[in-house]
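Each chain is listed here by its residues.
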Amino acid sequence: TTNLMDNFSIFFGHISSDSFYPVLQRAIQVGNAFEGWTGHEEDAVYRFLVPMTPPPGHSFHLELANAMWRPGRDFCVRVELECICTREQQGENMLCFLHHPEEELRRSNQDPSLLRTLCTDSYLDVEKTGRWFYQVVRAVWPALPQSHNWHLVPLPSTRSCQFKVTNGRESLRIEMMFGVQRGDSDVFVTSQSRELYSPSTRWTETFAVAEMKFFRHIARQAPPESLHLKCLQFFTCLRQGLGFSSCTMKTIVMHLLNILPVSKWQRRHFLTRILDISRSLRYSLERKHLDHFIVGNQRLPEEIILPEDVQMADTLNLFHHMETDPAACSQMMHQYQDL
């Protein structure tokens, strides 16, 4: 999958270098399949985040759509035209959208601006971008070396690009999300949404890249026989059928990894660490409080770069709903006993 995405990225660069569509950058591996703790290998989805930057003559501006702090805040990506008269004067084959009349732009056969293709009311539209992204993937596929031995099977999705590649013996499921980086940080707004009916101009904040960098930071320090991922994988399989999300278990393990030395995750510590995870879950349920691992965490490795509002925010309680819902709290405690 990594080689496949590297090849895709090369062709993405060729396609977007001479157009007014978003410029597609090199894909970033995110999610449990690349972090190393997939519950069942046959269910693995290999997820990639493809950053997008504005084409010439355009700029992206992120606007917060809802002020309330919660995991996965929504943003809108406002697209503005910028003057490119200087590039035009230097002989580049493009006219400035700002300073040439519509009629002249049409006569020049120049492609329309991004505002006219993938935007709704000056905001980048997730669903329009998704349809364009699918077209790009399908157009590029025959040129890739993998196409000689593998078959591409598109899967339905409106907010990402999902497909299977199969060679008759193996089948791999791949999802490509597209997103816009928040400054130079490891936080992006992406096409994926946690809500079923999210407006098509809403882009959801994700910390997937920051979390991936945290696991890589741990992997560089951990001894070869470290079982920290096995512990997480163990609980990921165990919690199925119960009310605990993989995000909850992942958050608890990341907090413990940030506290305990990596030398304490060796094979001889396996049972102790399993008990630590279980006790941390119980303690969080009793307190009705589990801190988000990224938001407001002052103990992250220096290599993880966060926007100032994320870094300086108050800690975010992932169990806040239990404070006002005694029935949900009681149910979670019963499910913990089953676990």
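Residues numbered from 1 in each chain as written. Predicted model: local features only at pLDDT ≥ 70, side-chain atom pairs only at ≥ 80, totals over all residues. Heavy atoms only, no water.

Participant: In this structure, what is going on with the packing of aromatic side chains? I would like to understand it.
Facilitator: Given two aromatic rings, one states the distance between the centres and the angle between the planes to describe the pair. With the rule as written, the count across this model stands at 15 aromatic pairs. On the basis of an interplanar angle of 10° and a centroid distance of 5.3 Å, the ring pair of Tyr21 and Trp132 is categorised as stacked. Placement of Tyr21 in the loop between α1 (2–16) and β1 (23–24) and of Trp132 in helix α6 (residues 126–140) is noted, with a sequence separation of 111 residues between them. The class for Tyr21 is partly exposed, based on a relative accessible area of 30%. Given the relative accessible area of 9%, Trp132 is considered buried. (Phe/Tyr/Trp six-rings, centres within 6.5 Å; stacked < 30°, edge-to-face > 60°. Helix = DSSP H or I, 4+ residues; strand = E, 2+ residues; numbered from the N terminus. Buried < 20%, exposed > 50% of the residue type's maximum accessible area, 1.4 Å probe, protein only.)

Participant: Where do I start with the nonpolar core in this structure?
Facilitator: Burial of nonpolar side chains together is a common tendency in soluble globular proteins. Ile277, Leu285, Ile294 and Leu306 are the most contacted members of the largest nonpolar core, which has 40 residues in total. Of all the elements in the fold, those that place two or more residues in this core are α7 (208–221), α8 (228–238), α9 (246–259), α10 (270–287) and α13 (326–338). Looking at this core element by element, the count peaks at six residues for α9. Phe60, Val79, Phe163 and Trp203 belong to the second largest nonpolar core, which has 39 residues in total. (Core = buried A, V, L, I, M, F, W, Y, C linked by side-chain atoms within 4.5 Å.)

Participant: How should I be thinking about the environment of Leu260 in this particular structure?
Facilitator: In this fold, Leu260 is placed in the loop between α9 and α10. In this structure the C-alpha to C-alpha distance between Leu260 and Ile174, which are 86 residues apart in sequence, comes to 34 Å.

Participant: Even after reading the chapter, I still don't get the confidence of the model for the chain, so can you show me in this structure?
Facilitator: Parts of the model with low pLDDT should not have their predicted coordinates read in detail. Residue-level pLDDT values for the chain average 89, and 95% of them are 70 or greater. In the model of the chain, helix α3 (residues 85–89) stands out as the element of lowest mean pLDDT, 71, in contrast to strand β7 (residues 123–124), which has the highest, 97. (pLDDT = per-residue confidence, 0-100.)

Participant: How should I be thinking about the packing of α8 against α10 in this particular structure?
Facilitator: Taken N-terminus to C-terminus, the directions of α8 and α10 make an angle of 50°; their axes are 10 Å apart at the nearest point. Classified by the interaxial angle, the pair formed by α8 and α10 is oblique. In the packing of α8 onto α10, the handedness of the crossing is right-handed. Side by side, α8 and α10 meet where Lys230, Cys231, Phe234 and Phe235 of the first sit next to Phe270, Arg273, Ile274, Ile277 and Ser278 of the second. The residue inventory of the contact of α8 with α10, partitioned by class, reads six nonpolar, one polar and two charged. (Axes fitted to C-alpha atoms, helices over the stretch in contact; angles between N-to-C directions. Parallel < 35°, antiparallel > 145°, perpendicular 65-115°, else oblique. Left-handed = near helix turned anticlockwise from the far one by under 90°. Contact = heavy atoms within 4.5 Å. Nonpolar A, V, L, I, M, F, W, Y, C, P; charged D, E, K, R; others polar.)

Participant: What is the right way to look at the domain arrangement of the chain in this model?
Facilitator: Much of the literature gives interface size as the accessible area that the parts lose upon coming together. When its domains are assigned, the chain resolves into domain 1 (1–206) and domain 2 (222–338). Between the C-alpha centres of domain 1 and domain 2 there is a distance of 31 Å. With 16 residues of domain 1 in contact, the opposing surface of domain 2 contributes 20 residues. When the two sides are added together, the surface that domain 1 and domain 2 hide from each other amounts to roughly 1,400 Å², 65% of it contributed by carbon and sulfur. Summed over the shared surface of domain 1 and domain 2, the number is three salt bridges. The shortest N-O distance in the salt bridge between Lys250 and Glu35 comes to 3.2 Å. Applying the counting criterion to the domain 1 and domain 2 interface returns five residue pairs in polar contact (both at pLDDT 80 or more). (Domains from an automatic or database assignment. Buried area = accessible area lost by both parts, 1.4 Å probe. Salt bridge = Lys/Arg side-chain N within 4 Å of Asp/Glu carboxyl O. Polar contact = N/O pair within 3.5 Å; in protein donor to acceptor, adjacent residues only side chain to side chain.)

Participant: What is the right way to look at α7 in this model?
Facilitator: For an α-helix, 3.6 residues make a turn, and residues three or four places apart therefore share a direction. With 14 residues, α7 extends 20 Å between its outermost C-alpha atoms, agreeing within 8% with the 20 Å of an ideal straight helix rising 1.5 Å per residue. Taken across its 14 residues, α7 has ten buried, putting it largely inside the fold. Those residues of α7 that sit buried are Ala208, Val209, Ala210, Glu211, Met212, Lys213, Phe214, Phe215, His217 and Ile218. (Expected span 1.5 Å × (residues − 1).)

Participant: In this structure, what is going on with α9? I would like to understand it.
Facilitator: When the terminal C-alpha atoms of α9 are compared, their 20 Å separation across 14 residues agrees well with the 20 Å that a helix rising 1.5 Å per residue should span. Within α9, ten of the 14 residues are buried, which leaves the element mostly enclosed by the surrounding structure. For α9, the full list of buried residues reads Thr248, Met249, Lys250, Thr251, Ile252, Val253, Met254, Leu256, Leu257 and Asn258. Those residues of α9 hidden inside the fold are in contact with α2 (32–35), α7, α8 and α10.

Participant: I keep staring at unusual backbone geometry and nothing clicks. Help me out?
Facilitator: Most peptide bonds take the trans configuration, and most residues that are not glycine carry a negative phi. Although it is not a glycine, Ser122 adopts a positive phi angle of roughly 70°. Residue position: Ser122 is located in the loop between β6 (119–120) and β7. Using a relative accessible area of 36% as the deciding quantity, one classes Ser122 as partly exposed. Here the phi dihedral of Lys288 falls at roughly 55°; this positive angle occurs in a residue that is not glycine. Take Lys288: its relative accessible area is 28%, and that puts it in the partly exposed class.

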